[in-house]
2 protein chains.
Amino acid sequence: MDTRHMQYFMALAETLHFGRAAERMNMSQPPFSRQIAMIERTLGVKLFERNSRNVALTPAGEYFMKDCRNVLGQFEEACRDVRLVASGMKGELRFGFMMHAAHSVVPQLVQLYAESRPDVRLVLDERTPTEIDEMLVAGTLDAAVTFDCGYAPHLQTVLLARERLRIIMRKDHPLATVGQIGPEELRAEKIIAAPAATAPALRSAINSYFSVRGIVPHVVLEPRLQHTIIQLVAKGLGVALIPASLRTEPGAGLISRALTDAPQLDVVLRAPITTKNPAVSTFMEIGKSIQRTLL
Amino acid sequence: MDTRHMQYFMALAETLHFGRAAERMNMSQPPFSRQIAMIERTLGVKLFERNSRNVALTPAGEYFMKDCRNVLGQFEEACRDVRLVASGMKGELRFGFMMHAAHSVVPQLVQLYAESRPDVRLVLDERTPTEIDEMLVAGTLDAAVTFDCGYAPHLQTVLLARERLRIIMRKDHPLATVGQIGPEELRAEKIIAAPAATAPALRSAINSYFSVRGIVPHVVLEPRLQHTIIQLVAKGLGVALIPASLRTEPGAGLISRALTDAPQLDVVLRAPITTKNPAVSTFMEIGKSIQRTLL
DNA sequence: CCATCTGATACCCTGAAAGCATTGATCGTG
DNA sequence: CACGATCAATGCTTTCAGGGTATCAGATGG
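Keep in mind it's a predicted model, so treat the numbers as computed, not measured.

## A short note on the protein's contact with DNA strand D
In the vicinity of DNA strand D lie 23 residues, with A:Y8, A:S28, B:Q29, B:P30 and B:R50 positioned nearest. The contact atoms of DNA strand D, taken as those within 4 Å of the protein, divide so that sugar and phosphate hold 62%. In the model, a base oxygen of DNA strand D is placed 3.0 Å from a nitrogen or oxygen of the A:R34 side chain. The contact in question runs from a phosphate oxygen of DNA strand D to an N or O atom on the side chain of B:H17, over 3.5 Å. Breaking the surface near DNA strand D down by element, the ones donating at least two residues are α1 (3–15) and α3 (29–43) of chain A together with α2 (18–24) and α3 (29–43) of chain B.

## Topic: the environment of B:E131
Locating B:E131 in the fold gives a position in helix α7 (residues 129–138). Placed 13 residues apart in sequence, B:E131 and B:A144 show a C-alpha to C-alpha distance of 11 Å.

## What to know about the relation of the copies chain A and chain B
Its rotation angle being 180 degrees, the transformation that places chain A on chain B also includes 0.0 Å of axial translation and leaves an RMSD of 0.1 Å. Taken together, the rotation and translation describe the operation of a two-fold axis. Both copies present the same face, since 100% of the interface residues in chain A are matched by interface residues at the equivalent positions in chain B.

## Section: α3(A)
Taking 1.5 Å of rise per residue, the 15 residues of α3(A) would be expected to cover 21 Å, and the 21 Å separating its terminal C-alpha atoms lies within 8% of that figure. Along α3(A), the positions that sit buried rather than exposed are A:F32, A:I36, A:I39, A:E40 and A:L43. Relative to the axis of α3(A), the buried residues are bounded by an arc of 95 degrees and lie together on one face. Across from the buried face of α3(A), at angles greater than 90 degrees, the exposed residues are A:R34 and A:R41. Residues of α3(A) that are buried make contact with α1, α2 (18–24), β1 (48–50) and α4 (59–86) of chain A together with α4 (59–86) of chain B. Of the residues one or two after α3(A), A:G44 is the one with positive phi, at around 70 degrees.

## Topic: the interface of chain A and chain B
By convention, interface size is frequently given as the accessible area that disappears when the constituent parts associate. Counting residues at the interface gives 30 residues for chain A and 30 residues for chain B. Buried area between chain A and chain B, summed over both chains or domains, comes out near 2,700 Å², and the portion from carbon and sulfur atoms is 74%. It is A:Y63, A:F75 and A:V82 that lose the most area in chain A upon contact with chain B, and together they represent 19% of the buried surface on that side. Here chain A is connected to chain B by two salt bridges. For the salt bridge of A:K276 with B:E49, the shortest nitrogen-to-oxygen distance reads 3.9 Å. At the boundary of chain A and chain B, one finds four residue pairs in polar contact (both at pLDDT 80 or more). Those elements that place two or more of their residues in the side of chain A that touches chain B are α1, α3, α4 and β3 (90–97) of chain A.

## Concerning the packing of aromatic side chains
Inspection of the entire model under this criterion finds 16 aromatic pairs over all chains. Centre to centre, the rings of A:F9 and A:F48 are 5.4 Å apart; their planes meet at 50 degrees, and the pair counts as tilted. A residue pair is termed long-range when its members are at least 10 positions apart, and A:F9 in helix α1 and A:F48 in strand β1 qualify at 39 residues. What makes A:F9 buried here is its relative accessible area of 1%. Centroid distance B:Y209 to B:F210: 5.7 Å. Interplanar angle 70 degrees. Geometry classified as edge-to-face. There is no split in this pair, since B:Y209 and B:F210 are both buried. Members of the aromatic cluster, each reached through a chain of ring pairs, are A:F95, A:F97, A:Y113 and A:F283.

Calculation rules
- Residues numbered from 1 in each chain as written.
- Chains lettered and ligands numbered in written order.
- Predicted model: local features only at pLDDT ≥ 70, side-chain atom pairs only at ≥ 80, totals over all residues.
- Heavy atoms only, no water.
- Near = heavy atom within 4 Å.
- Polar contact = N/O pair within 3.5 Å; in protein donor to acceptor, adjacent residues only side chain to side chain.
- Helix = DSSP H or I, 4+ residues; strand = E, 2+ residues; numbered from the N terminus.
- Least-squares fit on C-alpha atoms with pLDDT ≥ 70 in both.
- Contact = heavy atoms within 4.5 Å.
- Expected span 1.5 Å × (residues − 1).
- Buried < 20%, exposed > 50% of the residue type's maximum accessible area, 1.4 Å probe, protein only.
- Arc of directions from axis to C-beta.
- Buried area = accessible area lost by both parts, 1.4 Å probe.
- Salt bridge = Lys/Arg side-chain N within 4 Å of Asp/Glu carboxyl O.
- Phe/Tyr/Trp six-rings, centres within 6.5 Å; stacked < 30°, edge-to-face > 60°.

This is how it looks when you write it as structure tokens:
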């Protein structure tokens, strides 16, 4: 028994006429009759009550007809779907992103992609930049939005945005009224910044911002999560340099200021070049289409 | 593509090894490899990423695997179920019965059958005896409980119970205190009885109960439903002769009395002898097993 | 009783698919 | 680095599942 036999059965069950059913199956009546007999023999079940004049379904045949309709439908669907998956119209795409990006490019990217590929299940996964890099090489993620951390030959990269860092502090902070803020003004400040192990690109941008002026920043706290950094700044434990897109989130009692010669960071969309997931390519295309001018 | 191909695919998807997968399919590796290639060619989809050292599923293959597992499961189930239906263990049984029987044998019959054949869907259908006869010959019912109306060569019959008729009347009716009630006592009474067209066996039993004494019963009302008869008696519009098993339903202000030489009616379970529904036979067997002594 | 319709049988033949032998690519190891 | 081992792919042969044609057999209607 296989699906072809089920199709033979369905043809006869629907026409109740061997000749016409055979015709529908594009074959002549004698082999068709044999196939029906074969089906009944292998199942050990009489499916049709027939003589040389009439053909009728037995109750077992009636029941089998419903099941066959089901199975054949699912069968067709499976064959159709696998083509859709291969074409990237259907399937799953595991998408990682860092928290910074959640407030800027990610919503638009996700929305546009979901509109253009509604049958692809987007699995969102917020991670730190380091975790993202690891998961991209491990294949746990299909694509991710992160900071450009330079050389990555096994990854394809689309530049999404170029973000300047800004400084945030409490409103009652002495620097809140200073006109220009640069490395010199921050020389004595307590800095809160993510550790290099968690966000290498961000941290090295901050470090080199100071080091080109020969200044060693006074980093007092190194929380891993951006969320925590803002909380600590709000408590007055220091100031922090954060991407401009996070500025839109005002926070209670916090103020954000521009920096002189502010460090820039590239926000990129990345995916392994060796990816086998066909859904990725249009995801990258959409990334390109929403590429933004630098802020 | 058919289910055999899906089985090949599943074997490889689960083992990720052509040799072992072929072995599982009881064949040698070369034709197995060709079949896999064939599947990919007809689907137009690469399902496996492979070289002479490693075999891995593509994302499309991964997706297809889930669908195949589904389809193959349903396929097996359909083949198994059709055998169960043919053996009477599964399927549907359309069971008709008259309202009189609903209070006596039907509940027990239905319960016992449902316990012994839980996968057979019992479709219950309450009808008048005449409707039941028509539906049995039309094949709309598989089996039914009704009054024995005599000759029926195309039906198999199991006697379930033998019921005496009793008389019901209002508690304040003059006959309520009379010791013996027979045709003579009812000569002047207004009788309420179902029409012969609806319940021939019941009505002819009532008629002959009087006619053997040369009495013509004074039937004033002929409602089709037993329910209505009882209501009309309660309103004082007459008395009625009803099966003893209905006595258990007391009704407001009504009283039921035995009759002298009470007419008897056979309650039978019937099914067409030509029935193709394999579920019927055990239904009839259970009917035999609950055969009751006459009341 | 014959013409006709329809499903079953008899017989033949083709090609899908299985087996065997072998090739070619990729590792691991001495 | 060469050699052997492993494993998928390919070439060739063979077989039988399943299709085709011709025909039979039972039922029905004029």
